[in-house]
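Chains, contacts and geometry: an overview
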Amino acid sequence: QVQLVESGGGLVQPGGSLRLSCAASGSIFSINAMGWYRQAPGKQRELVATITSGGSTNYAGSVKGRFTISRANAKNTVYLQMNSLNPEDTAVYYCHAALTTAVTITRSSYWGQGTQVTVSS
């Protein structure tokens, strides 16, 4: 059993900042990559940023230069620092992990429950 628990969402004014955290726990052998996705009302879920175990990162064009993804491998935790937020960033943000489970040594994909980010004045 693997769980991803997100925290850090909330309401922020345009131009403000938020930091999201996601901790993975449970029967984990190794984590290959972690990332953040978001889904706005009426839209499909989209990639925000990903980071591999080696530290390679990938960002959506809309957040490049404003958001920074980082990872604490020893804690199985990924962070998303979001700066210069604008109303178009309003969405439910989901944490994702591509990992190998400890018991069966199989590769699996897991999602967090989501955390709401609202950017509004």
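Data block above holds the structure.
Model, not experiment: these values are computed from the prediction. (Residues numbered from 1 in each chain as written. Predicted model: local features only at pLDDT ≥ 70, side-chain atom pairs only at ≥ 80, totals over all residues. Heavy atoms only, no water.)

1. Details of the packing of aromatic side chains
Evaluated as defined, the whole model comprises one aromatic pair. Between Tyr37 and Trp111, the ring centres sit 5.0 Å apart and the planes meet at 70°, which makes this aromatic pair edge-to-face. Here Tyr37 is found in strand S4 (residues 28-39), whereas its partner Trp111 is found in strand S10 (residues 107-111), with 74 residues between them in sequence. Overall, the relative accessible area of 19% leaves Tyr37 in the buried class. For Trp111, a relative accessible area of 39% corresponds to the partly exposed category. It is Arg19 that lies over the ring of Tyr79; its NZ or CZ is 4.1 Å from the centre. The cationic tip of Arg45 hangs over the ring face of Tyr94; the distance from NZ or CZ to the ring centre is 3.7 Å. (Phe/Tyr/Trp six-rings, centres within 6.5 Å; stacked < 30°, edge-to-face > 60°. Helix = DSSP H or I, 4+ residues; strand = E, 2+ residues; numbered from the N terminus. Buried < 20%, exposed > 50% of the residue type's maximum accessible area, 1.4 Å probe, protein only. Lys NZ or Arg CZ within 6 Å of the ring centre and 35° of its normal.)

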